[in-house]
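Observations on the three-dimensional arrangement
Here is what each chain is made of, one letter per residue.
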Amino acid sequence: MPWELTLAVDPAAPQPIFLQIARALADDIRRGRLRAGAELPGSRALARSLSVHRNTVLAAYRELAAEGWIEASAARGTFVSAELPAPAPRGFARRAAARAEVPARLGFDLGATSLRHVPIIPPGTLRMSGGLPDMRLVPTAALARAYRRALHAGSKQLLDYADPRGDGRLRAALAAMLSAVRGLAAGPESVLVTRGSQMALDLVARALITPGDAVAVESYGYRPAWEALRLAGARLLPLPVDAAGLSVDALSELAERERLRAVYVTPHHQYPTTAVLAPGRRIALLELCRARRIAILEDDYDHEFHYDGRPVLPLASADTAGVVIYIGTLSKILAPGLRIGFVVAPEPLIERLSLHRTFVDRQGDHAVERAVAELLEDGEVQRHAQRARRAYRARRDLLVASLRARLPGALDFAVPAGGMALWAKVDAAIDADAWAERALARKVAFSAGRRFAFDGKKRPFLRLGFAALDEQEICDAVERMIEAV
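Residues numbered from 1 in each chain as written. Predicted model: local features only at pLDDT ≥ 70, side-chain atom pairs only at ≥ 80, totals over all residues. Heavy atoms only, no water.

1. Concerning the overall build of the protein
Tallying secondary structure elements over the protein gives 15 helices and 18 strands in all. Projecting the C-alpha coordinates of the protein onto the three principal axes gives extents of approximately 85 × 55 × 50 Å. The burial tally for the protein puts 51% of its 485 residues in the buried class. Excluding contacts between residues fewer than 6 apart, the proportion of contacts in the protein whose partners are at least 24 apart in sequence is 72%. Distance between charge centres in the protein, computed from 66 positive and 55 negative side chains, equals 3 Å. (Helix = DSSP H or I, 4+ residues; strand = E, 2+ residues; numbered from the N terminus. Buried < 20%, exposed > 50% of the residue type's maximum accessible area, 1.4 Å probe, protein only. Contact = heavy atoms within 4.5 Å. Lys, Arg positive; Asp, Glu negative; His and termini not counted. Charge placed at Lys NZ, Arg CZ, Asp CG, Glu CD.)

Given below as structure tokens:
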């Protein structure tokens, strides 16, 4: 059923009603509200919505047809003309020109910004950029059934205003998962559900940072997290990263010179290098931040996907001082479009975050959250994680073998123990940025090191995601990389 078309008609005005209708419609066509070929309401429907006689609407339509604005067909209906008349209508439409249109330019100063546009990937491109999951593996049928059950059983409650911390069942299910799999002794009261981890980062930054606060970050890292911290007023200070993760010695030296409010880290699979923070550094980081009362923002974005060796538990699992703010997401294990992220922290911070959330977003989608809670309770998410982990490990191994066989000497990399991407050093004779640009023209997308460098300068590295591509697509992607190099 189409929406009713709203027009402004004033019975007390000196102009006849039919001319007011014609003027309003002509104006809406000229300013783009009604586009060429758009169907107009039938005369009876428009007369009913405007509370006027049908003959009044018919007179307006005849006026518009005479001007060339609309075309009427007894069989099909009334439509905006495919070819519009020159913008010089008779008296009734000349007056309509004064009505407001959406301007092309601002009438006020917007100010400068450091924010960057996210590159648009053309359709049909094999996407190796970032660490994207394969949407084809998502248990959509089970999710749809759970969503229907959630709406049927609790439609009034789930569609109403509710707890800004998130659906209670999802918070309990997440707490159970985190306790069993990630070693966090968390209850539902310590969990806040957000619309993805980016909202979690934004809320934490709003609640924690005051303008001018110093925050340490990894020198190679996740730019959206940096921007969330910057928007809250943080002064970011980069720290070196190597094969053992963040340099805690460098952090200690920085803490001697600066009063640090927080340090943002990705210890499980460092983003983008995939390095795992060494055990000794983990202990030293926790002790340093405990002693100096520095908050640790731990972003554990792809915990489920570790393939070799023992699983590595989060920093938060060993935190006895309450310094770790743990940020996670279901975007990698399920799907980014569900927008399910979460924060685990001591209750006073959860209360502060939920207060900020009330004024930013009010609450999440509790119906979706309830459906996801059911999938966690029934073990569907766990089974899906196992299937995806097997698939992604096989894809990692295939990409490694393909690159070594087809691009020997061009790339040097260690096989990552986990994650969803490779971090590879590019031969000195090859320009990594130019390679990425040429590859995109051949419809394969991957990211050069510049994208992750804190200073934004060129770096001889590539990040090559493998999880979103099946075996044939990986082979095709490597062939396109060869053509581009």
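2. Notes on the sheet that holds strand S7 (residues 235-239)
Pairing is mixed across the open sheet formed by seven strands, whose spatial order is S5-S13-S12-S11-S10-S6-S7. Taken across any chain shown, the strands that pair with only one partner, and hence form the sheet edges, are strand S5 (191-194) and S7. Direction aside, the axes of adjacent strands within the sheet are offset by 20° on average. Pairing of strand S11 (residues 295-300) with strand S12 (residues 324-329), which is carried by five bridges, proceeds in the parallel orientation. Note that in S12 the partner of Asp299 across the bridge is Ile327. (Pairing = 2+ DSSP bridges. Axes fitted to C-alpha atoms, helices over the stretch in contact; angles between N-to-C directions.)

3. What about the side chain of Ser447?
Within the secondary structure layout, Ser447 lies in strand S17 (residues 447-448). A polar atom in the side chain of Ser447 sits 2.8 Å from the side chain of Arg451. (Polar contact = N/O pair within 3.5 Å; in protein donor to acceptor, adjacent residues only side chain to side chain.)

4. Re the packing of aromatic side chains
Tallying each qualifying case throughout the model produces eleven aromatic pairs. Plain terms: the ring middles of Trp435 and Phe446 are 6.0 Å apart, the flat faces sit at 80° to each other, and that makes the pair edge-to-face. Of the two residues, Trp435 is situated in helix H14 (residues 432-441) and Phe446 in the loop between strand S16 (444-445) and S17; the sequence distance between them amounts to eleven residues. An aromatic cluster is defined as three or more aromatic residues linked by ring pairs; in this entry it consists of Tyr220, Tyr222, Tyr271, Tyr301, Trp423, Phe452 and Phe461. (Phe/Tyr/Trp six-rings, centres within 6.5 Å; stacked < 30°, edge-to-face > 60°.)

5. Here's the deal with the pairing of strand S6 (residues 214-218)
In terms of residue burial, S6 counts as a mostly covered element, since five of its five residues are buried. The alternating pattern of S6 places Ala214, Ala216 and Glu218 and Val215 and Val217 on opposite faces, both of which are buried. For the segment spanning S6, helix H8 (residues 223-231) and S7, crossover handedness is right-handed. With four bridges connecting them, S6 and strand S10 (residues 260-265) associate as parallel partners. Across the sheet, Val217 pairs through a bridge with Tyr264, a residue of S10. (Right-handed = clockwise from strand over helix to strand, strands pointing away.)

6. Concerning the layout of surface pockets
Counted as a void, the largest pocket has a volume near 1,400 Å³. The wall of the largest pocket is formed by 43 residues, among which Val118, Pro119, Tyr271, Ser447 and Arg451 lie closest to the centre. Looking at the lining of the largest pocket residue by residue, the classes come out as 20 nonpolar, eleven polar and twelve charged. Within this model, the second largest pocket holds a volume of roughly 630 Å³. (1 Å grid on protein atoms, 1.4 Å probe; cavity = no way out; pocket = protein on both sides within 12 Å on 5 of 7 lines; lining within 4 Å. Points joined across faces, edges and corners; volume = space filled by probe spheres on them. Nonpolar A, V, L, I, M, F, W, Y, C, P; charged D, E, K, R; others polar.)

7. With respect to H14
Those residues of H14 that sit buried are Ala432, Asp433, Trp435, Ala436 and Ala439. Down the axis of H14, the sector holding all buried residues measures 160°, keeping them to one side. Exposed residues lying more than 90 degrees from the buried face of H14 are Glu437 and Ala441. The elements touched by buried residues of H14 are strand S14 (411-412), strand S15 (421-426), S16, S17, strand S18 (461-465) and helix H15 (471-484). Immediately downstream of H14, the backbone of Lys443 shows phi near 65°, a positive value. (Arc of directions from axis to C-beta.)

8. A look at the nonpolar core
Among the nonpolar cores identified, the biggest contains 52 residues, and Leu174, Leu260, Val263, Leu285, Ile296, Phe342 and Val372 are the most heavily contacted of them. Grouped together as the second largest cluster of nonpolar side chains are 35 residues, Met128, Phe305, Ala439 and Val444 included. (Core = buried A, V, L, I, M, F, W, Y, C linked by side-chain atoms within 4.5 Å.)

9. Remarks on the pattern of salt bridges
Opposite charge on two side chains lets them pair, provided their charged atoms get close. As enumerated under the stated definition, the model contains 31 salt bridges in all. Where Arg182 meets Glu304, a salt bridge forms, and the shortest distance between an N and an O atom there is 2.2 Å. Taken as a pair, Arg182 in the loop between helix H6 (168-181) and S5 and Glu304 in the loop between S11 and S12 lie far apart in primary sequence, 122 residues in all. Asp431 is paired through a salt bridge with Lys458; the nearest N and O atoms lie 2.8 Å apart. On the criterion of sequence distance, the pair formed by Asp431 in the loop between S15 and H14 and Lys458 in the loop between S17 and S18 is long-range, its members being 27 residues apart. Owing to a relative accessible area of 33%, Asp431 belongs among the partly exposed residues under this scheme. Where salt bridges share partners, they join Asp134, Arg136, Arg395, Asp470 and Glu473 into one cluster. (Salt bridge = Lys/Arg side-chain N within 4 Å of Asp/Glu carboxyl O.)

10. Some thoughts on the environment of Glu473
As for its position among the elements, Glu473 is in helix H15. Look past the residues within four positions of Glu473 in its chain and what remains in contact with it is Leu126, Arg136 and Ala468. There is a polar contact of 2.8 Å between the side chain of Glu473 and the backbone nitrogen of Asp470.

11. Overview of the packing of helix H1 (residues 17-30) against helix H3 (residues 54-67)
At a closest axis distance of 8 Å, the pairing of H1 and H3 adopts a crossing angle of 50°. In terms of their interaxial angle, H1 and H3 are classed as oblique. In this structure, H1 crosses over H3, and the sense of that crossing is right-handed. Mapping the contact onto sequence places Ile17, Phe18, Leu19, Ile21, Ala22, Leu25 and Ala26 in H1 and Thr56, Val57, Ala59, Ala60, Tyr61, Glu63 and Leu64 in H3. Class assignment for the residues of the contact of H1 with H3 results in twelve nonpolar, one polar and one charged. (Parallel < 35°, antiparallel > 145°, perpendicular 65-115°, else oblique. Left-handed = near helix turned anticlockwise from the far one by under 90°.)

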